[in-house]
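Chain residues, written in single-letter form:
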Amino acid sequence: MIFLIRHGQTAGNLEGRYIGSRTDEPLCKMGKEQLAQRKMPPVDVVFASPMKRCIQTAQLLYPEKNLELIEDFRECDFGAFEGKNYRELDGQTDYQKWIDSGGEAAFPGGESRKTFAARCVKAFLPIWNRRTEGDFALVAHGGTLMAIMEAFACPQGRYFDFQIENGAGFMLRPDGTYEKISR
């Protein structure tokens, strides 16, 4: 089993901001409190994005485990949109172009969804290839989990079909079938 878990809430999440790979934001108090109440199934190995919010989440959920940090599990580079929310971006030409592309265009000065997803899937493939060797947890960002689920879940879905709230995730079985994990 592979447990894919989105990091707990941050101040940026609460404000609806694009918090990507450029902002190493920690969990907020509420995020820590929500995770402290969670009981996760035991795993053999815990993988995580190297961002503070993911490391803190993994340490709260699996305090007895050492973490294997995977650089390419970091969130998307939101470029010029980093740290802003939709209200601050509303009416800007670059933002409207991105919206009109269905989220497929590259963020100005950042990554495209396609490039980001390819990075995440490539980093996940060695873990997927070990899926019958034990149980694993991966603590990462919403976008990272969406990219992985789009590529490996059965039945298949589209990227945005796998949006998940902070502190929640998916239990991905070796055959690709899955269940949602609520927070």
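Residues numbered from 1 in each chain as written. Predicted model: local features only at pLDDT ≥ 70, side-chain atom pairs only at ≥ 80, totals over all residues. Heavy atoms only, no water.

## Examining the overall build of the protein chain
Note the threshold: Secondary structure elements are defined from DSSP: runs of H or I of at least 4 residues count as helices, runs of E of at least 2 residues count as strands, and each element is numbered from the N terminus. Within these notes, the globule rule equals 2.2 Å times the number of residues to the 0.38 power, and the radius of gyration is based on C-alpha atoms. The buried label applies to any residue whose accessible area, calculated with a 1.4 Å probe on protein chains only, is under 20% of its type's maximum; exposed applies above 50%, and partly exposed to all values in between. Two residues qualify as a contact provided that any one of their heavy atoms is within 4.5 Å of a heavy atom in the partner residue. Only the protein chains shown count as covering a residue, and every accessible area follows the Shrake-Rupley method with a 1.4 Å probe. When charges are counted, Lys and Arg are positive and Asp and Glu negative, with His and the chain ends excluded. Charged side chains are reduced to one point each, which is NZ for Lys, CZ for Arg, CG for Asp and CD for Glu.
Within the protein chain, the regular secondary structure consists of 7 helices and 6 strands. Element order for the protein chain, N to C, with α for helix and β for strand: β-α-α-β-α-β-α-α-α-β-α-β-β. Relative to the globule expectation of 16 Å for 183 residues, the C-alpha radius of gyration of the protein chain, 16 Å, shows essentially globular dimensions. Looking at the protein chain residue by residue over its 183 residues, the buried ones come to 48%. Within the protein chain, counting contacts between residues at least 6 apart in sequence, those at least 24 apart form 67% of the total. Taken as a whole, the protein chain presents about 8,900 Å² of accessible surface, with 49% of it coming from carbon and sulfur. Taken together, the 24 basic and 25 acidic charged side chains of the protein chain have centroids lying 1 Å from each other.

## With respect to the layout of surface pockets
Note the cut-off: Using a 1 Å grid laid over the protein atoms alone, points where a 1.4 Å probe fits but cannot get out form a cavity; open sets with protein on both sides within 12 Å along at least 5 of 7 lines form a pocket; any residue with an atom within 4 Å of a point counts as lining. Grid points are joined across faces, edges and corners, and a volume is the space filled by probe spheres set on the points. Side-chain classes follow a simple rule in which Ala, Val, Leu, Ile, Met, Phe, Trp, Tyr, Cys and Pro form the nonpolar group, Asp, Glu, Lys and Arg form the charged group, and the remainder, Gly included, forms the polar group.
Taken as a whole, the largest pocket holds about 610 Å³ of empty space. Around the largest pocket, the lining comprises 27 residues; the ones closest to its centre are R6, Y18, E75, F78 and Q163. Sorting the residues of the lining of the largest pocket by element identifies α6 (113–128) and α7 (142–152) as the ones contributing at least two each. The biggest single contributor to the lining of the largest pocket is α7, with 3 residues. Per-class residue counts for the lining of the largest pocket are 11 nonpolar, 10 polar and 6 charged.

## Points about the sheet that holds strand β6 (residues 178–181)
Paired through backbone hydrogen bonds, the strands of a sheet run either parallel or antiparallel to each other. For clarity, the cut-off: Two strands form a pair only when DSSP identifies at least two bridges running between them. In this analysis, axes come from line fits to C-alpha atoms, helices being fitted only over the stretch in contact, and the angle between any two N-to-C directions falls in the range 0 to 180 degrees.
Across the sheet, which stays open at both edges, the 6 strands sit in the order β3-β2-β4-β1-β5-β6 with mixed pairing between neighbours. Strands at the two margins of the open sheet, each flanked by one partner only, are β3 (67–69) and β6. Here the average twist between neighbouring strands, direction ignored, is 20 degrees. As paired elements, strand β2 (residues 45–48) and strand β4 (residues 136–140) share 4 bridges and run parallel to each other. Pairing of F47 across the sheet is with L138, part of β4. Sheet strands touched by α7: β1 (2–6), β4, β5 (169–172) and β6. Its angle to β1, the strand with the most contacts, is close to 145 degrees.

## Some points on the state of the cysteines
Going by this rule: Two cysteine sulfurs form a disulfide in these notes if their separation is within 2.5 Å.
Tallied over the entire structure, the rule returns 0 disulfides. The thiol of C28 is unpaired, and the distance to the nearest cysteine sulfur, on C54, comes to 14 Å. Overall, C28 belongs to the buried group, its relative accessible area being 13%.

## A look at the nonpolar core
Quick note on the threshold: In this description, a nonpolar core means a group of buried Ala, Val, Leu, Ile, Met, Phe, Trp, Tyr and Cys residues linked to one another through side-chain atoms lying within 4.5 Å.
Core analysis: the largest hydrophobic core is formed by 36 residues, its most contacted members being I2, L4, Y18, F81, F124, L138 and L172. Those elements giving two or more residues to this core turn out to be β1, β2, α5 (93–100), α6, β4, α7 and β5. Ranked by residue count, the leading element in this core is α6, at 7 residues. Apart from residues lying up to four places away in sequence, Y18 is in contact with F78, F81, E82, G83, K84, L89, Y95, W98 and F107. Core analysis: the second largest hydrophobic core is formed by 16 residues, L35, A58, L61 and Y62 among them.

## Regarding α7
Of all 11 residues in α7, 9 are buried; the element is thus mostly enclosed. Within α7, the full set of buried residues consists of G142, G143, T144, L145, M146, A147, I148, M149 and F152. Here the buried face of α7 lies against β1, α6, β4, β5 and β6.

## Description of the pattern of salt bridges
Defined as follows: We count a salt bridge whenever a side-chain nitrogen from Lys or Arg sits within 4 Å of a carboxyl oxygen from Asp or Glu.
For the coordinates displayed, the defined rule picks out 12 salt bridges. Note that D77 is salt-bridged to R22, the shortest N-O span being 2.7 Å. Here D77, found in the loop between β3 and α4 (86–89), pairs with R22, found in the loop between α1 (11–14) and α2 (29–36); they are 55 residues apart in sequence, far enough to count as distant. Under the relative-accessibility criterion, R22 is labelled partly exposed at 48%. Salt bridges here are not isolated pairs; linked through shared partners, they connect E15, R17 and E88.

Without other data, these values stay purely geometric and don't point to any function.
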